[in-house]
Amino acid sequence: MMKSTRTLAVFMTALLLASACSPPGGEDGVNGDAGGDATVDQSELVIGIANDVSGREWDPALTAGGTAIPVLYSIYDTLYDFDEDGLPQPHIVESDELSEDELTLTMNIHSGITFHDGSELTAEDVAFSLDRVRGEDESLEGPAYTSSLALIDYVEVEDDYTVIIHLSEPDPILRNSLAYLPGMVVPSDYVQEVGNDGFLADPIGSGPYVLESSTPGQEFTLQLFDDYAFETGEAFEEVNLQVLTEGATRIAQLRAGDIDFAVDVDISQVEALEGDGFQISTNPSGQFLSVIFNHRTEVLEDPQLRQAINLAVDRESIIESLYDGLASATGTMDANISADLVEPFEYDPEQAEDLLEASSYDGETLIINYPSGRYPQDSQLIQTVQANLGDIGLDLEIHSMDSNQWLDGLQEKTLDDMSLTLLSNTNYDSYQSLWSATACEGPWSLWCDEDLEEELERLSRLQGEERLEGFIELSEGFKEDPPALFLLDFHQVYAMQEGIQWYPTPGYRNFDYTDIRPE
């Protein structure tokens, strides 16, 4: 059986760091001595999640990510895996070779990997999956990650276990992209047999878990795949995910022993849960909350108005009052650029008022959309932003939306003047998330600035320090021409019963459920 970077190296390193370096129950630690009254069934793990996984979310080429990411990592395998340092390492790929001109990546894949239907994963499946993500499958509507693989010219199958990627020009982060959603492999014969809609209704991959059953809006169950090609360690045989959109409901069910593990826990509940003996794990999420602006709203074309909005919001008060200090202010949408590299806007309501008065704003009511319950403290956050903007004389109307309705509106570009959204360091590089959220055709974008898009394309071709410095400079430029209201990076907060071993993936949700294990 082959070793998996994600399920072994990341897990073991994280546990060692958690036990050796973090104080029990502290901000960045796991309280290993604590535990609720309930005991964990060693064969089944029950998790309370905040959002449903349904429709497009089951397809790695279409999903918006978020809650779906660890689910998809559990169902599908990626060509590469991120290690504990965020560097891509071979996974489905056994070995690879990049040509001297960096225009050809030859990947030799493991033999003996099987999909959940028993068919073998071959080079044909890899090429088919990459072409779906690239937008080569005309029957697949709205693939979400075409920009990640935009430099691929074509994909060649040399033999059953050899795939050659031909690039139009060098791509410094191709392996990063192939360790994330764009690198997940689906079974070509099955998808073509049942069609894209049939695949969404009954998805299969080669990952450590099989989707056993699903009741949209309520729950779904994953069963450990007996013929999984990689080592999983002592993973739970079954993972049942309960869709509990209200944070209070997740906590109540955790206390009652109905669930073993709660995600996106209300930060205000951490102290009480720790006091009652539950394990708490927190760390910076690498997920930047921002309010994106709609370029179709004429008044928002004025950069003075957008600067005023950023100066009017008191981020530090929000962090203390809504997140109990477990968040940090951000000065960009780029989740790879921390506040020590690009400082956040200062809270300056007087300057904000001056800029608002000098702008083209003339008392219009602007509408902000947000997906209720999708992000921690989102309702209180938006209400606070509304109050801050009201203090300088800007009228903001809040429209709460169902998460799926909001997602459809975002991808179809039909949302109103502003929208709360989140950008993540999903592939540990700046380009993909920034392009997705700011480019004219970006799947999560309401913005359109051709000059910004050209600069992103230029930066995407740089490497190493020059690349990082270029993206830092871009974020500094957002001070004068912000495409969004930059808010904060909230901490991930998880609560669990006694008898569970786990530590959150540094930076984001790039893990599968074999990483959560019984003691």
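Scroll up a little and you will see the structure.
Residues numbered from 1 in each chain as written. Predicted model: local features only at pLDDT ≥ 70, side-chain atom pairs only at ≥ 80, totals over all residues. Heavy atoms only, no water.

## Considerations on the packing of helix α14 (residues 450-459) against helix α15 (residues 464-477)
Turning to step 1, where the next piece is worked out: Two numbers describe how α14 lies on α15: the axes approach to 10 Å, and their chain directions differ by 165 degrees. Relative to α15, α14 is oriented roughly antiparallel. The way α14 lies across α15 gives a crossing that is left-handed. Of α15, the residues touching α14 (which contributes Leu452, Glu455, Leu456 and Leu459) are Arg467, Gly470, Phe471 and Leu474.
Turning to step 2, where the next piece is worked out: Broken down by class, the residue content of the contact of α14 with α15 amounts to 5 nonpolar, 1 polar and 2 charged. (Axes fitted to C-alpha atoms, helices over the stretch in contact; angles between N-to-C directions. Helix = DSSP H or I, 4+ residues; strand = E, 2+ residues; numbered from the N terminus. Parallel < 35°, antiparallel > 145°, perpendicular 65-115°, else oblique. Left-handed = near helix turned anticlockwise from the far one by under 90°. Contact = heavy atoms within 4.5 Å. Nonpolar A, V, L, I, M, F, W, Y, C, P; charged D, E, K, R; others polar.)

## Observations concerning the state of the cysteines
Turning to step 1, where the next piece is worked out: If you walk through the whole model with that rule in mind, you get 1 disulfide.
Turning to step 2, where the next piece is worked out: Each sulfur of the disulfide joining Cys440 and Cys448 lies 2.0 Å from the other. Where Cys440 bonds to Cys448 through sulfur, the torsion about that S-S bond is close to 80 degrees, and the disulfide is right-handed.
Turning to step 3, where the next piece is worked out: Owing to a relative accessible area of 16%, Cys440 belongs among the buried residues under this scheme. (Disulfide = S-S within 2.5 Å. Buried < 20%, exposed > 50% of the residue type's maximum accessible area, 1.4 Å probe, protein only.)

## Here we look at the environment of Tyr375
Turning to step 1, where the next piece is worked out: One can find Tyr375 in the loop between β14 (365-371) and α11 (378-391).
Turning to step 2, where the next piece is worked out: Here Tyr375 falls in the buried class, since its relative accessible area comes to 10%.
Turning to step 3, where the next piece is worked out: The sequence separation of Tyr375 and Asp264 amounts to 111 residues, and the corresponding C-alpha distance is 8.0 Å.
Turning to step 4, where the next piece is worked out: Once residues within four sequence positions are removed from consideration, Tyr375 is found in contact with Leu289, Trp406, Leu420, Thr421 and Leu422.

## A word on the pairing of strand β6 (residues 152-159)
Turning to step 1, where the next piece is worked out: Taken together, the 6 bridges between β6 and strand β7 (residues 162-167) define a ladder with antiparallel strand orientation. If you follow Tyr154 over to β7, its bridge partner there is His166.
Turning to step 2, where the next piece is worked out: Hairpin remark: β6 followed by β7, antiparallel, with 2 residues in the connecting loop. (Pairing = 2+ DSSP bridges.)

## Concerning the packing of helix α13 (residues 431-438) against α14
Turning to step 1, where the next piece is worked out: Viewed as axis vectors pointing N to C, α13 and α14 meet at an angle of 165 degrees, and their least axial separation amounts to 11 Å. Taken together, α13 and α14 sit at an angle that is classed as roughly antiparallel. With respect to the hand of their crossing, α13 and α14 are arranged in left-handed fashion. Mapping the contact onto sequence places Tyr431, Leu434, Trp435 and Thr438 in α13 and Leu452, Glu453, Leu456 and Glu457 in α14.
Turning to step 2, where the next piece is worked out: Residues belonging to the contact of α13 with α14 are distributed by class as follows: 5 nonpolar, 1 polar and 2 charged.

## What to know about α15
Turning to step 1, where the next piece is worked out: Between its terminal C-alpha atoms α15 stretches 20 Å, which fits the 20 Å expected from 14 residues at 1.5 Å a residue.
Turning to step 2, where the next piece is worked out: Turning to α15, its buried residues number three or more, namely Arg467, Gly470, Phe471, Ile472, Leu474 and Ser475.
Turning to step 3, where the next piece is worked out: On its buried face, α15 sits against α13 and α14. (Expected span 1.5 Å × (residues − 1).)

## Some points on the pattern of salt bridges
Turning to step 1, where the next piece is worked out: A complete count under the given rule lists 9 salt bridges for this structure.
Turning to step 2, where the next piece is worked out: The residue Arg134 makes a salt bridge to Asp131 at a minimum N-O spacing of 2.9 Å. Of this pair, Arg134 and Asp131 both sit in helix α3 (residues 123-134), separated by 3 residues, roughly a single helical turn.
Turning to step 3, where the next piece is worked out: On the basis of relative accessible area, Arg134 is assigned to the buried category, the value being 15%.
Turning to step 4, where the next piece is worked out: Take Asp131: its relative accessible area is 23%, and that puts it in the partly exposed class.
Turning to step 5, where the next piece is worked out: Taken together, the shared-partner salt bridges connect Glu169, Glu457 and Arg461 into one network. (Salt bridge = Lys/Arg side-chain N within 4 Å of Asp/Glu carboxyl O.)

## Here we look at a negative patch on the surface
Turning to step 1, where the next piece is worked out: On the surface, Asp117, Glu120, Glu124, Glu158, Asp159, Asp160, Asp189 and Glu193 cluster together to form a negatively charged patch.
Turning to step 2, where the next piece is worked out: If you list the elements that add at least two residues to the negative patch, you get β6 and α5 (188-201).
Turning to step 3, where the next piece is worked out: Secondary-structure assignment places Glu158 in strand β6. (Patch = residues over 30% accessible without salt bridge, like charges linked within 9 Å, V, L, I, M, F, W, Y side chains within 5 Å. Areas by Shrake-Rupley, 256 points an atom, 1.4 Å probe, with all protein chains shown as cover. Lys, Arg positive; Asp, Glu negative; His and termini not counted. Charge placed at Lys NZ, Arg CZ, Asp CG, Glu CD.)

## Details of the side chain of His91
Turning to step 1, where the next piece is worked out: Relative to the assigned elements, His91 resides in the loop between β3 (88-90) and β4 (93-98).
Turning to step 2, where the next piece is worked out: A distance of 3.0 Å separates a polar atom in the side chain of His91 from a polar atom in the side chain of Asp77. (Polar contact = N/O pair within 3.5 Å; in protein donor to acceptor, adjacent residues only side chain to side chain.)

## A look at the pairing of strand β1 (residues 44-49)
Turning to step 1, where the next piece is worked out: Counting buried residues along β1, 5 of its 6 residues qualify, which places the element largely inside the surrounding structure.
Turning to step 2, where the next piece is worked out: Summarising the sheet, β1 and strand β10 (residues 238-243) pair through 6 bridges and their orientation is parallel. When the sheet's bridge partners are listed, Leu45 is paired in β10 with Val239.
Turning to step 3, where the next piece is worked out: Sheet topology note: the β1/strand β11 (residues 261-262) ladder contains 2 bridges and is parallel. Pairing of Ile47 across the sheet is with Phe261, part of β11.

## Section: the sheet that holds β7
Turning to step 1, where the next piece is worked out: Taken together, the 4 strands give an open sheet; going across it, the order is β4-β5-β7-β6, and neighbouring strands pair in antiparallel fashion. Each end of this open sheet is capped by a strand with a single partner; those strands are β4 and β6. Across this sheet, the average inter-strand angle for adjacent strands is 20 degrees, counted without regard to direction.
Turning to step 2, where the next piece is worked out: Sheet analysis places strand β5 (residues 104-109) next to β7, joined by 5 bridges and oriented antiparallel. Note on β7: the bridge partner recorded for Met107 is Val163.
Turning to step 3, where the next piece is worked out: Against the sheet, α3 contacts β5, β6 and β7, and its axis sits at roughly 170 degrees relative to β6.

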